[in-house]
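Structural overview for review
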Amino acid sequence: MTAGMRWSSTRRSLRTLGLAIALAWRTAAGRLTVLALVSLLSSIVPVATAWLTKLVIDQIAAGEFDIVWLTTALASLGMVPIVLRGWGRYLQNDLDRQTRLLAKERVYDAVNRLPGISRFEDPVFLDKLRMAGHSGGSAPGHIVRSGLDIFGGALLVGGFLGSLIALSPVMALVIALGAVTTLAGEIALSRRRASTTLKISPMQRRELFYSTLLAGVEAAKEIRLFGIGGFLKDRMLAEVRRADAEQRATDRRELFLQSSLGTVSAVAVGAGLIWSIIGAGNGHMSAGDIAMFIASVAGVQGSLGGLTTQVAFIHQQTLYFQQLSDIEENDPDLPVPARTGTLAPLRHGIVFHDVWFRYSLDHPWTLRGVTFEIPAGKTVGLVGRNGSGKSTLVKLLCRFYEVERGGIYWDGIDIRDIDPVQLRQRMGAVFQDFMSYDLPAFENIGIGHMPYMGDRPRLEAAAQRAKIHEDLLALPRGYETPLTRLFIDGENLEKNGADQERGVFLSGGQWQRIALARGALQVEKDLLILDEPSSGLDAQAEYEIHKQLSEYRRGRAGLLISHRLSALRDADSLVVLEEGRIVEEGPHPDLMLAGGIYAGLFRTQAAGYLDGGAR
Ligand SMILES: Nc1ncnc2c1ncn2[C@@H]1O[C@H](COP(=O)(O)OP(=O)(O)OP(=O)(O)O)[C@@H](O)[C@H]1O
């Protein structure tokens, strides 16, 4: 690392440090002030105790001492650290809790503010998010506490060094030089530790991926059936070993540096002791002076040890907090228009005009000059082989990614000029890879349109349209039944046994119906997108659900994707995609007459059903 790079990284760390302290101050200024006082007192007490001890010894040696006063003072000073330690711990824990809460809120606010989804495919961002979420929240509290401890430690070192200067300026200089060297060594070490933390982060991410697979229900079937448990475990352990090797190298360097510095410092202290004993023999020092000398050297070394640990700790915590502020200060992943007004309901239609898109510059074009229209009130079906770009079109329409060339227009307005939140309020969608939330059944449907979450009749009507109502009624607690076992409290389960609210697992097809019920809740939206959420249903059920939804949505626009062409044949128009290009377009009868790709696909599927029926 060049000097310039080091300076810029130091400046960045100092800025982060300032942000962390500001956050802690904003969260709990009162507690922070008391904590600072506690630290200040904690650093004064040991020096005062050392001086008092010297007084006691000198007075005993001179045979003239006030036993009551001295012992009371010593005993009282002994009590203070115990009380202060308790208060310090309590205030620290409370500060940690408050900053953690605030920091978590800020991180996830920042994550929710991202308009697009590309950041979630970026491993660097994911590493930052993991570190910020895991440790970034408590970092401000830890930084402040360590900062106060460093301040207190510095006062303590200063106090003992001052005492040493009074006894011997030369010895004080030797000990001070030792202190500065140790501190410099520790700062270099903590830089190294910070870079190790960053280096092993991707390894930890991969380890987490393997361990989640091994311990989760999603992969449990395939792991057992394919017998890949050992394979995944070995991959996980390989990541752990690689991370361990990196950490071991850092630990070795630490061991070497600390042993060298420790040896130098022990030699200096030994020399000091010999000097003080010779001084006592010559009558230059009293017994109290020697006690004071020993206490001061031990005090400087002890606080120096604490100080260096705190410096290293602050460095590490600053790194964690850095990830948190990076996430907060991240630019949006898509340009968002500065001017945001309410988007008017769709009156004319949505136009894709010469749309070109690729996921990154390294990827091939996924869409190559796509042009078509979804007129207001009409339904368009998207047809195409796997990987032809159908879902990508949907993601662009929802503005999760940015079109590279061409544009998508909502009643003539380029969607890049529309606030994504406004745009998404006007459309509903059920995706191919929809989510199964570990929540009660009614919430699983209600999240399709949050304003209706408390409207039970509407939720039930949506479930009826998706033909899942009867199944949900039959669950142990009907719509209240959790569709998970995740939130079951093990302790209560033991206590209450069978009375404990038990979650259930749904079948794949039932989950698809829940997802469709979410779509059915969005019937009033200007545009409803159904990206093949019904592949697990039988052809008849899929056809009926699509038909019902389009009846309820009469007069509103729809974009349907399905590999089962019978489900799309009633669409007003069909768009056939092949390798990111539109190759055919028109209503079902026209495309059948044309006898092209669509007609071929449709006839193949129809023949399959006829053959199946004949058997
Ligand atoms: N997030 C992504 N990053 C990079 N490439 C992607 C991403 N998502 C999709 N692709 C690629 O884009 C192409 C089109 O994918 P898309 O999902 O749009 O196809 P599709 O027509 O919906 O396919 P299917 O019928 O299988 O669902 C594929 O080659 C796919 O590998």
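Thresholds, definitions, all that
Residues numbered from 1 in each chain as written. Predicted model: local features only at pLDDT ≥ 70, side-chain atom pairs only at ≥ 80, totals over all residues. Heavy atoms only, no water. Helix = DSSP H or I, 4+ residues; strand = E, 2+ residues; numbered from the N terminus. Rg over C-alpha atoms; globule rule 2.2 N^0.38 Å. Buried < 20%, exposed > 50% of the residue type's maximum accessible area, 1.4 Å probe, protein only. Contact = heavy atoms within 4.5 Å. Lys, Arg positive; Asp, Glu negative; His and termini not counted. Charge placed at Lys NZ, Arg CZ, Asp CG, Glu CD. Near = heavy atom within 4 Å. Polar contact = N/O pair within 3.5 Å; in protein donor to acceptor, adjacent residues only side chain to side chain. Areas by Shrake-Rupley, 256 points an atom, 1.4 Å probe, with all protein chains shown as cover. Nonpolar A, V, L, I, M, F, W, Y, C, P; charged D, E, K, R; others polar. Pairing = 2+ DSSP bridges. Phe/Tyr/Trp six-rings, centres within 6.5 Å; stacked < 30°, edge-to-face > 60°. Lys NZ or Arg CZ within 6 Å of the ring centre and 35° of its normal. Salt bridge = Lys/Arg side-chain N within 4 Å of Asp/Glu carboxyl O. Core = buried A, V, L, I, M, F, W, Y, C linked by side-chain atoms within 4.5 Å. UniProt positions renumbered as here; feature names shortened; annotations may be inferred. Patch = residues over 30% accessible without salt bridge, like charges linked within 9 Å, V, L, I, M, F, W, Y side chains within 5 Å. Axes fitted to C-alpha atoms, helices over the stretch in contact; angles between N-to-C directions.

A separate point is the overall build of the protein. Scanning the protein from N- to C-terminus turns up 19 helices and ten strands. Computed over C-alpha atoms, the radius of gyration of the protein comes to 35 Å, more than 25% over the 25 Å expected from 2.2 N^0.38 for 615 residues, which places it beyond the range of a compact globule. With the C-alpha coordinates aligned to their principal axes, the bounding extent of the protein is approximately 120 × 60 × 55 Å. Among the 615 residues that make up the protein, the fraction classed as buried is 42%. Excluding contacts between residues fewer than 6 apart, the proportion of contacts in the protein whose partners are at least 24 apart in sequence is 74%. Considering the protein, the positive charge centre built from 66 side chains and the negative charge centre built from 65 side chains are found 3 Å apart.

With that out of the way, let us pick up the site of the ligand. In the vicinity of the ligand there are 16 residues, among which Gly387, Lys390, Ser391, Thr392 and His563 approach most closely. Interatomic distance of 2.9 Å between a side-chain N/O atom of Asn386 and an oxygen atom of the ligand. The backbone of Gly387 places a nitrogen or oxygen atom 2.8 Å from an oxygen atom of the ligand. For the ligand, whose free accessible area comes to 630 Å², the fraction covered by protein is 68%. Looking at the shell around the ligand, its residues break down into two nonpolar, ten polar and four charged.

So, on to the sheet that holds strand E5 (residues 413-414). Ordered by their spatial adjacency, four strands build an open sheet running E2-E1-E4-E5, and the pairing between neighbours is antiparallel. Edge positions in the open sheet fall to strand E2 (367-375) and E5, since each of these has one partner strand only. Bridge count for strand E4 (residues 405-410) against E5 is two bridges, and the pairing is antiparallel. Bridge assignment links Tyr409 to a residue of E5, and that residue is Asp414.

Attention shifts here to the packing of aromatic side chains. Going through the model one piece at a time under the given rule, you end up with ten aromatic pairs. Taken together, a centroid distance of 4.9 Å and an interplanar angle of 80° make the contact between Phe357 and Tyr359 edge-to-face. Overall, Tyr359 belongs to the partly exposed group, its relative accessible area being 28%. The interplanar angle of 35° and the centroid separation of 6.0 Å between the aromatic rings of Tyr598 and Phe602 together place this pair among those described as tilted. Taken together, the residues span about one helical turn, with Tyr598 and Phe602 both in helix H19 (residues 597-614) at a distance of four residues. Of the two residues, Tyr598 and Phe602, neither departs from the other in class, the shared state being buried. Among the aromatic residues, those joined into a ring-pair cluster are Phe357, Tyr359 and Tyr401. The ring of Trp365 has Arg358 lying over it, and the distance from NZ or CZ to the ring centre is 4.1 Å. We note Arg405 situated over the ring of Trp356; from NZ or CZ to the ring centre the distance is 5.0 Å.

Looking now at the pattern of salt bridges. Taken as a whole and judged by the stated rule, the model has 19 salt bridges. A salt bridge links Glu480 to Arg456, with the shortest nitrogen-to-oxygen separation between them at 2.9 Å. Within this pair, whereas Glu480 is found in the loop between helix H14 (469-473) and helix H15 (490-496), its partner Arg456 is found in helix H13 (residues 456-465), the two being separated by 24 residues in sequence. Taken together, the shared-partner salt bridges in this structure form one network comprising Arg31, Asp94 and Arg97.

With that out of the way, let us pick up the nonpolar core. When a protein is soluble and globular, its nonpolar side chains tend to lie buried together. With 44 residues, the main nonpolar core has Ile445, Leu472, Leu483, Ile514 and Tyr598 as its most contacted residues. Within the residue set of this core, elements represented by two or more residues are helix H12 (441-446), H13, helix H16 (508-520), strand E7 (527-531), helix H17 (539-552), strand E9 (573-578), helix H18 (588-594) and H19. Among the elements that line this core, the one with the most residues is H16, at six residues. What Tyr598 contacts, discounting residues up to four positions off in sequence, is Val383, Leu565, Arg569, Leu574, Val576, Glu584, His588, Leu591 and Met592. Of all hydrophobic cores here, the second largest spans 33 residues; its members include Leu367, Ile374, Leu393 and Tyr401.

UniProt records the feature "transmembrane region" (unreviewed entry) for residues 67-87, 148-165, 171-189, 255-278 and 290-314 in the present numbering. Along residues 148-165 one finds 100% helix and 0% strand; the C-alpha atoms at either end are 25 Å apart. Across residues 255-278 one finds 100% helix and 0% strand; the C-alpha atoms that close the span lie 34 Å apart.

This brings us to the environment of Thr481. With respect to the element layout, Thr481 can be found in the loop between H14 and H15. On the accessibility criterion, Thr481 (0% relative accessible area) is buried. Thr481 sits 42 residues away from Leu439 along the chain, and the two C-alpha atoms are 8.4 Å apart. A polar contact of 2.7 Å, which involves the side chain of Thr481, links it to the backbone oxygen of Gly478.

With a phi close to 45°, Asp354 is a non-glycine residue in the positive phi region. Its relative accessible area of 34% is what places Asp354 among the partly exposed residues. At Lys467, a residue that is not glycine, the phi angle is positive and equals roughly 60°. Exposure remark for Lys467: the relative accessible area of 33% places this residue in the partly exposed category.

Quick look at a nonpolar patch on the surface now. On the surface, Leu37, Leu40, Ile44, Phe151 and Leu155 cluster together into a nonpolar patch covering about 430 Å² of accessible area. Residue position: Leu155 is located in helix H5 (residues 139-167). Assessed through its relative accessible area of 36%, Leu155 is described here as partly exposed.

The sheet contact formed by strand E1 (residues 349-357) and E2 spans seven bridges and is antiparallel. Residue pairing across strands places Phe352 opposite Phe372, the latter belonging to E2. Bridge count for E1 against E4 is five bridges, and the pairing is antiparallel. Its bridge partner lying in E4, Val351 is registered against Tyr409.

So, about the sheet that holds E7. Within a beta sheet, neighbouring strands are joined by backbone hydrogen bonds and run either parallel or antiparallel to one another. Pairing is mixed across the open sheet formed by six strands, whose spatial order is E6-E7-E8-E3-E9-E10. Only two strands of the sheet have a single partner each, and these edge strands are strand E6 (427-430) and strand E10 (581-586). In this sheet, adjacent strand axes meet at a mean angle of 15° when their direction is disregarded. Here helix H10 (residues 390-397) sits on the sheet and contacts strand E3 (379-384), E6, E7, strand E8 (557-561) and E9; the angle it forms with E8, its principal contact strand, is near 150°.

Attention now goes to the side chain of Asp96. Secondary-structure assignment places Asp96 in helix H3 (residues 67-113). Despite being buried, Asp96 has no salt bridge partner; Arg100 is the closest side chain of opposite charge, sitting 5.1 Å away. Look past the residues within four positions of Asp96 in its chain and what remains in contact with it is Ser138, Gly141 and His142.

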